[in-house]
Amino acid sequence: MRIDLFLAPGLADEQLLREKTVVVIDVLRASTTIVTALYNGAREIIPTTTIDSAARIASNLSSEVKLLGGERNGKVIDGFHLGNSPREYTPERVKGKTIVFTTTNGSQAVVKARYATATLICGLVNITAVQEQIQRVGGDLTILCAGREGGFSLEDTVCAGMLIQRVMEGRNEDAELSDGAVAARVIYRALGKVPLKLLRSTEHGKYLQEIGLGEDLPVCAAVDRTPVVPVLEENVLRLPREAAKAASVGG
Ligand code: MLT
């Protein structure tokens, strides 16, 4: 098994991700929000890169079933129903809904992976579920960190390092790692033992606290809070059927 890691989305393009198994990580907060929304019964999430494309797609959906969600500068977009706080995506709000979703970095990274063989969404909240799925599917792995403003983000790198560590412990101790993957594992071991403390100390974590969204951090830091793995198929994120059934029973 080989594990490649792009530490920032600017380092990868659609062609490099084509026909790979890609895991997209945006701990603060798009991955966490996507996982939470689908676990809480959302039917599907359509990731888009721009506010205009989100509005265009939503205009073709019936108003009973659709929600527009996402952020710019961490804040709710004018005219949208929901921001990018996982706390907003409750079963009462999202059950049965199609959510058209655009965020600054996370949804861009997901769209970049649209030609991958499989695209999985990972945060700290579902890291064991992702690791188990990778284990089941086998083969090489490419991790794409959504990062911040096109560049590096510490929380995504630590999450990637934690995932690599767990994948290696689960019968892949001989995995061949790219330099980026080695670096993420080292950074995880150095800084990742107390996720909430880490999230509070990162640039984006500090920014979210400054704009009054600090309560999202414990939600995003809750390792393994949800047992589901959103998968991108034909540009739509859904849970595989069995997980969706279990989530709707639980939610
Ligand atoms: C993003 O996609 O850039 C993030 O999820 C930003 C955020 O809302 O915290």
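Residues numbered from 1 in each chain as written. Predicted model: local features only at pLDDT ≥ 70, side-chain atom pairs only at ≥ 80, totals over all residues. Heavy atoms only, no water.

Colleague: It is not clear to me how the environment of serine 31 should be interpreted in this structure. Could you clarify?
Modeller: Tracing the backbone shows serine 31 in helix α2 (residues 30–39). Exposure remark for serine 31: the relative accessible area of 2% places this residue in the buried category. Sequence spacing of serine 31 and cysteine 122 is 91 residues, and the spatial spacing of their C-alpha atoms is 5.9 Å. Serine 31 has contacts with Val24, Ile25, Asp26, Ile121, Cys122 and Gly123, leaving out every residue within four places of it along the chain. (Helix = DSSP H or I, 4+ residues; strand = E, 2+ residues; numbered from the N terminus. Buried < 20%, exposed > 50% of the residue type's maximum accessible area, 1.4 Å probe, protein only. Contact = heavy atoms within 4.5 Å.)

Colleague: I would appreciate a short explanation of the site of the ligand in the present structure.
Modeller: Close to the ligand lie Asp26, Leu28, Arg29, Ala30, Glu71, Asn84, Thr103, Thr104, Asn105, Gly106, His204 and Leu208, which account for all nearby residues. Take arginine 29: an N or O atom from its side chain is 2.7 Å from an oxygen atom of the ligand. Here an oxygen atom of the ligand sits 2.7 Å away from a polar atom, N or O, in the side chain of histidine 204. For the ligand, whose accessible area on its own is 270 Å², the fraction buried by protein is 98%. At a threshold of 2 Å from the grid points, most atoms of the ligand map onto the largest pocket. Residue composition of the shell around the ligand, grouped by class: three nonpolar, six polar and three charged. (Near = heavy atom within 4 Å. Polar contact = N/O pair within 3.5 Å; in protein donor to acceptor, adjacent residues only side chain to side chain. Areas by Shrake-Rupley, 256 points an atom, 1.4 Å probe, with all protein chains shown as cover. 1 Å grid on protein atoms, 1.4 Å probe; cavity = no way out; pocket = protein on both sides within 12 Å on 5 of 7 lines; lining within 4 Å. Sits in = over half its atoms within 2 Å of the grid points. Nonpolar A, V, L, I, M, F, W, Y, C, P; charged D, E, K, R; others polar.)

Colleague: It is not clear to me how unusual backbone geometry should be interpreted in this structure. Could you clarify?
Modeller: Both trends apply: most residues other than glycine have a negative phi, and most peptide bonds are in trans. With an omega dihedral of 0°, the bond running from leucine 28 to arginine 29 counts as a cis peptide bond. Checked against the element boundaries, arginine 29 lands in the loop between β2 (21–25) and α2. At glutamate 19, a position not held by glycine, the phi torsion is positive, near 60°. Position of glutamate 19 relative to the elements: it lies in the loop between α1 (14–17) and β2. By relative accessible area, which is 62% here, glutamate 19 ends up exposed. Not every positive phi belongs to a glycine, and aspartate 224 is a case in point at roughly 65°. Turning to its location among the elements, aspartate 224 is positioned in the loop between α11 (216–221) and β10 (231–233).

Colleague: For this particular structure, what's the right way to read helix α3 (residues 51–59)?
Modeller: Every α-helix carries 3.6 residues per turn, so stepping three or four residues along brings you back to the same face. Taken as a whole, α3 has its buried residues at Ser53, Ala54 and Ala58. Mapping the buried residues of α3 onto a view down its axis gives an arc of 135°, with all of them on the same face. Facing away from the buried side of α3, by more than 90 degrees, are the exposed residues Asp52, Arg56 and Ser59. Here the buried face of α3 lies against β4 (66–72) and β6 (98–102). (Arc of directions from axis to C-beta.)

Colleague: Is there a simple way to explain the layout of surface pockets in this structure?
Modeller: Left-over empty space is what a probe sized like a water molecule reveals as it rolls over the atoms. When its volume is computed, the largest pocket comes out at roughly 240 Å³. If you trace the largest pocket, you find 18 residues lining it, with Glu71, Gly74, Thr104, Asn105 and His204 closest to the centre. (Points joined across faces, edges and corners; volume = space filled by probe spheres on them.)

Colleague: Would you take a moment to explain the packing of aromatic side chains for this structure?
Modeller: The geometry of an aromatic ring pair is captured by the separation of the ring centres together with the interplanar angle, meaning the angle of the planes. A complete count under the given rule lists one aromatic pair for this structure. Note on tyrosine 89 and phenylalanine 101: the rings are 6.5 Å apart at their centroids and 90° apart in plane angle, and the pair reads as edge-to-face. Here the residue tyrosine 89 occupies a position in the loop between β5 (75–76) and α4 (91–94), and phenylalanine 101 occupies one in strand β6, the gap between them amounting to twelve residues. You'll find tyrosine 89 and phenylalanine 101 in the same group, each marked buried. The side chain of arginine 18 reaches across the aromatic face of tyrosine 115, ending 4.8 Å from its centre. The aromatic ring of tyrosine 188 is capped on one face by lysine 193, whose charged end is 4.6 Å from the ring centroid. (Phe/Tyr/Trp six-rings, centres within 6.5 Å; stacked < 30°, edge-to-face > 60°. Lys NZ or Arg CZ within 6 Å of the ring centre and 35° of its normal.)

Colleague: What should I look at first to understand the packing of helix α7 (residues 154–169) against helix α8 (residues 179–191) in this one?
Modeller: Helix packing for two helices is described by the angle between their axes and how far apart those axes are. The geometry of α7 relative to α8 is characterised by a closest axis approach of 7 Å and an angle of 100° between their N-to-C directions. On the basis of the axis angle, α7 is roughly perpendicular to α8. Judged by residue contacts, Leu154, Thr157, Val158, Ala160, Gly161, Met162, Ile164, Gln165 and Met168 of α7 engage Ala181, Ala184, Arg185, Ile187, Tyr188, Arg189 and Leu191 from α8. (Axes fitted to C-alpha atoms, helices over the stretch in contact; angles between N-to-C directions. Parallel < 35°, antiparallel > 145°, perpendicular 65-115°, else oblique.)

Colleague: Could you clarify how one ought to interpret the pairing of β6 in this entry?
Modeller: A regular strand carries its side chains on alternate faces of the sheet. Across the five residues of β6, five count as buried, placing the element largely inside the fold. Because side chains alternate across β6, one face comprises the buried residues Thr98, Val100 and Thr102, and the other comprises Ile99 and Phe101, equally buried. Relative to β6, β4 runs parallel, the two sharing five bridges. For leucine 68, the partnering residue across the bridge sits in β6 and is valine 100. (Pairing = 2+ DSSP bridges.)

Colleague: What's the story with the pattern of salt bridges in this structure? I'm lost.
Modeller: Where charged atoms from two side chains of opposite charge come close, those side chains can pair. Here the structure, examined in full by the defined rule, presents ten salt bridges. With a closest N to O distance of 2.8 Å, glutamate 176 and arginine 2 form a salt bridge. Of this pair, glutamate 176 sits in strand β9 (residues 176–177) while arginine 2 sits in strand β1 (residues 2–6), and the two are 174 residues apart along the sequence. For the salt bridge of arginine 148 with glutamate 203, the shortest nitrogen-to-oxygen distance reads 4.0 Å. Of this pair, arginine 148 sits in the loop between β8 (141–145) and α7 while glutamate 203 sits in helix α10 (residues 203–210), and the two are 55 residues apart along the sequence. Through salt bridges with shared partners, one network takes in Arg29, Arg87, Glu215 and Asp216. (Salt bridge = Lys/Arg side-chain N within 4 Å of Asp/Glu carboxyl O.)

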